[in-house]
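Observations on chain architecture
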Amino acid sequence: MSPRRVTMADVAKAAGVSRTTASLVLSGRGRELRISQDVEQRVLRAAHELEYRPNIVSVGLRTGTTRTIGFVSDTVATSRLAGDMIKGALEAARDRGFMLFIGETEGDAELERLLLQAMHDRQVDGLVLASMFTRTIEVPKAVTAVPAVLLNALPKQPTPLPAVLPDEVEAGRRAARVLLDAGHRDGVYLIGAGPGLHDVPSESVAAVERLVGIREALGAAGVEVAGARICPDWQPEYGLTATRDLLGTARPRALICFNDRIAMGAYQALDDFGLRVPADVSVVSFDDHPIASWMRPQLTTVALPHYELGRKAVDVLFAEIGRSDTGRTGQVHRVPMPVRARESVTPPPAGDLPG
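Here is a short report on the structure shown in this document. (Residues numbered from 1 in each chain as written. Predicted model: local features only at pLDDT ≥ 70, side-chain atom pairs only at ≥ 80, totals over all residues. Heavy atoms only, no water.)

**Observations concerning the overall build of the protein**
The criterion, for reference: Starting at the N terminus, helices and strands are each numbered in turn, a helix being any DSSP run of H or I of at least four residues and a strand any DSSP run of E of at least two. Radius of gyration here is computed from C-alpha atoms only, and the compact-globule reference equals 2.2 Å multiplied by the residue count raised to the power 0.38. Exposure is judged per residue with a 1.4 Å probe applied to protein chains only, and the accessible area is read against the type maximum: over 50% gives exposed, under 20% gives buried, and values in between give partly exposed. Note on definitions: a residue-residue contact is assigned when non-hydrogen atoms from the two residues lie within 4.5 Å. Areas reported as accessible are Shrake-Rupley estimates using a 1.4 Å probe. Residue values count occlusion only from the protein chains shown. All tallies of charge rest on Lys and Arg as positive and Asp and Glu as negative; His and the ends of each chain are not included. Note that the charge is assigned to NZ on lysines, CZ on arginines, CG on aspartates and CD on glutamates.
Assigned secondary structure in the protein consists of twelve helices and twelve strands. Relative to its length of 355 residues, the protein is extended, with a C-alpha radius of gyration of 27 Å against a globular reference of 20 Å. Overall size of the protein, expressed as C-alpha extent along the three principal axes, is 90 × 40 × 40 Å. Counting the 355 residues in the protein, one finds 48% classified as buried. Taking contacts inside the protein between residues at least 6 apart in sequence as the whole, the part at least 24 apart equals 71%. Summing over all exposed atoms, the protein offers an accessible surface of approximately 17,600 Å²; the carbon and sulfur share of this is 51%. Here the protein carries 41 positive and 43 negative side-chain charges, and the mean point of each set is 8 Å from the other.

**Focus on the sheet that holds strand 6 (residues 188-192)**
The condition that has to hold: What makes two strands pair is DSSP finding at least two bridges between them. Only the contacting stretch of a helix is used when fitting its axis, a line to C-alpha atoms as for every element, and angles between N-to-C directions run 0 to 180 degrees.
Strand order in this open sheet of six strands is 7-6-8-9-10-12, and the pairing throughout is mixed. At either end of the open sheet lies a strand with only one pairing partner, and these are strand 7 (227-230) and strand 12 (339-340). With four bridges joining them, strand 9 (residues 282-287) and strand 10 (residues 300-303) adopt parallel strand pairing. Bridged to Val284 within strand 10 is Thr300. Contacts from helix 7 (residues 168-181) reach strand 6, strand 8 (254-257), strand 9, strand 10 and strand 12, with the element oriented near 160° to strand 9. Sitting on the sheet, helix 9 (residues 236-247) is in contact with strand 6, strand 7 and strand 8, with an inclination near 145° to strand 6.

**Re the sheet that holds strand 3 (residues 126-137)**
Pairing between the strands of a sheet comes from backbone hydrogen bonds, and it takes one of two forms, parallel or antiparallel. Here we have six strands laid out as an open sheet, ordered 2-1-3-4-5-11, and parallel in their pairing. Pairing within the sheet leaves two strands with one partner each, and these edge strands are strand 2 (99-104) and strand 11 (332-335). With strand direction ignored, the average angle separating the axes of adjacent strands in the sheet is 25°.

**Observations concerning the pattern of salt bridges**
Quick note on the threshold: A side-chain nitrogen of Lys or Arg and a carboxyl oxygen of Asp or Glu constitute a salt bridge if their distance falls within 4 Å.
Following the criterion strictly, the structure yields 17 salt bridges and no others. Here Asp272 makes a salt bridge to Arg244, at a shortest N to O gap of 2.7 Å. On the criterion of sequence distance, the pair formed by Asp272 in helix 10 (residues 260-272) and Arg244 in helix 9 is long-range, its members being 28 residues apart. Under the relative-accessibility criterion, Asp272 is labelled partly exposed at 39%.

**Some points on the pairing of strand 7**
Relative to strand 7, strand 6 is paired through four bridges, and the arrangement is parallel. Looking across to strand 7, one finds that Leu190 is bridged to Ala228.

**What about the packing of helix 1 (residues 8-15) against helix 2 (residues 19-26)?**
Convention followed: An angle below 35 degrees is treated as roughly parallel, one above 145 as roughly antiparallel, one from 65 to 115 as roughly perpendicular, and anything else as oblique. Under the grouping applied here, Gly and all other residues not named as nonpolar or charged are polar, the nonpolar ones being Ala, Val, Leu, Ile, Met, Phe, Trp, Tyr, Cys and Pro and the charged ones Asp, Glu, Lys and Arg.
Where helix 1 meets helix 2, the closest approach of the two axes is 8 Å, and the angle between their N-to-C directions is 105°. For the element pair helix 1 / helix 2, the angle class is roughly perpendicular. Facing helix 1, whose interface residues are Met8, Ala9, Val11 and Ala12, helix 2 presents Arg19, Ala22, Ser23 and Leu26. Among the residues making up the contact of helix 1 with helix 2, the classes are represented as six nonpolar, one polar and one charged.

**Regarding the nonpolar core**
Note the threshold: Side-chain atoms within 4.5 Å are what join buried Ala, Val, Leu, Ile, Met, Phe, Trp, Tyr and Cys residues into a set we call a nonpolar core.
Counting residues in hydrophobic clusters, the biggest one holds 50 residues, and the most contacted among them are Leu255, Ile256 and Val283. Looking at this core, the elements that each hand over two or more residues are helix 7, strand 6, helix 8 (205-220), helix 9, strand 8, helix 10, strand 9 and helix 11 (291-294). Not counting the four nearest positions on each side in its chain, Leu255 is found in contact with Leu179, Tyr189, Ile191, Thr243, Leu246, Ala266, Leu270, Val281, Ser282, Val283 and Val284.

**Some words on the packing of aromatic side chains**
Threshold: Here is the rule: rings of Phe, Tyr and Trp (six-membered ring for Trp) pair when centre to centre is within 6.5 Å. Planes less than 30 degrees apart are stacked, more than 60 are edge-to-face, and the remainder are tilted.
Applying the stated criterion across every chain yields a total of three aromatic pairs. Ring plane angle 50° and centroid distance 5.8 Å describe the contact between Trp234 and Phe258, whose orientation is recorded as tilted. Of the two residues, Trp234 sits in the loop between strand 7 and helix 9 while Phe258 sits in the loop between strand 8 and helix 10, which places them 24 residues apart along the sequence. Comparing Trp234 with Phe258, the two get one shared label, buried. Taking 6.1 Å as the distance between ring centres and 40° as the angle between the ring planes, the aromatic pair formed by Phe258 and Phe286 counts as tilted.

**Remarks on the environment of Leu151**
The topology assignment puts Leu151 in strand 4 (residues 148-155). A relative accessible area of 0% places Leu151 in the buried class. Expressed as a C-alpha distance, the spacing of Leu151 and Gln37, which sit 114 residues apart in the sequence, is 47 Å. When near neighbours in sequence (up to four residues on either side) are disregarded, Leu151 contacts Phe71, Met85, Val128, Leu129, Ala130, Ser131, Val164, Leu309, Gly310 and Ala313.

**A short note on the pairing of strand 1 (residues 68-73)**
In terms of burial, strand 1 is largely enclosed, as six of its six residues are buried. Residue alternation in strand 1 divides its side chains into two sets, Thr68, Gly70 and Val72 and Ile69, Phe71 and Ser73, and both sets are buried. Pairing of strand 1 with strand 2, which is carried by six bridges, proceeds in the parallel orientation. Its bridge partner being in strand 2, Ile69 is matched across the sheet by Leu100. Where strand 1 lies against strand 3, five bridges are found, and the strand directions are parallel. When the sheet's bridge partners are listed, Gly70 is paired in strand 3 with Leu127.

Spelled out as structure tokens, the structure:
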């Protein structure tokens, strides 16, 4: 049999005071109601010696808060890459003395409904609804019953819920600037999406936003995208096929790959054609997947800030918890994506430099 839970009455008996006095001291109201310092210290000492912990259920009934947050995702919890989002959310919640309840839907709408219902049954103080990949979603009605935040997702329909997203447009600008700063002005090709804003994989928010940023930065420098190959799925085999197709008709000086897995395939295609990275072709990418630092040469990439996204979502959620409904605006919060400069970018050969 498990040990009996220490109660307020046990603390009061050990301290030689009434249960009411013990309750007032442990709730922090002792000085306010002029309980003597000696009595206060006796109660605190007894609580410490007995290892007393307040009953969260009864505290919740009295205060209207359970000090818990629900975190419902599609596949974030079981993803090695995006799992840092949960770590960031956990630590931000823990810093405030809150617990995180985590549930995963695996993309099943009925399971999502049941998980949200379970979170409400446990009277969570707020919800984070998270996506593994940045995408637009139908926001379930159950989400809006408590303060909530969308993480890595945008609503298909107008909603008062705030959203926390990686700053993909600025990430696109940064990727392009890496090449521009190295002196690349000609022969810049895209692998994964482009060249037009409609030339993107279906429902890929990241593709559109990264492409917008790339085109802005190159355009501001007077540089045109030399060409592009779209990949229907951002996996190495598609990067390999797309880059092989490009190399059959063009000689790029630099590639912007739309994620690190595509870049892995591009590396293989370049090697198949006898081209070296970065001596012959510079390559820059996105995400900072673990493979980016395993590749040789190591891949320069713009990192998805998963940990910071998780922390930011909880920070925004607490602002929502402390705000009236009339103050909720559906604001989108963008988290910066830093460049991880490694070995895959170098200036073009001297003959290719402008002027």
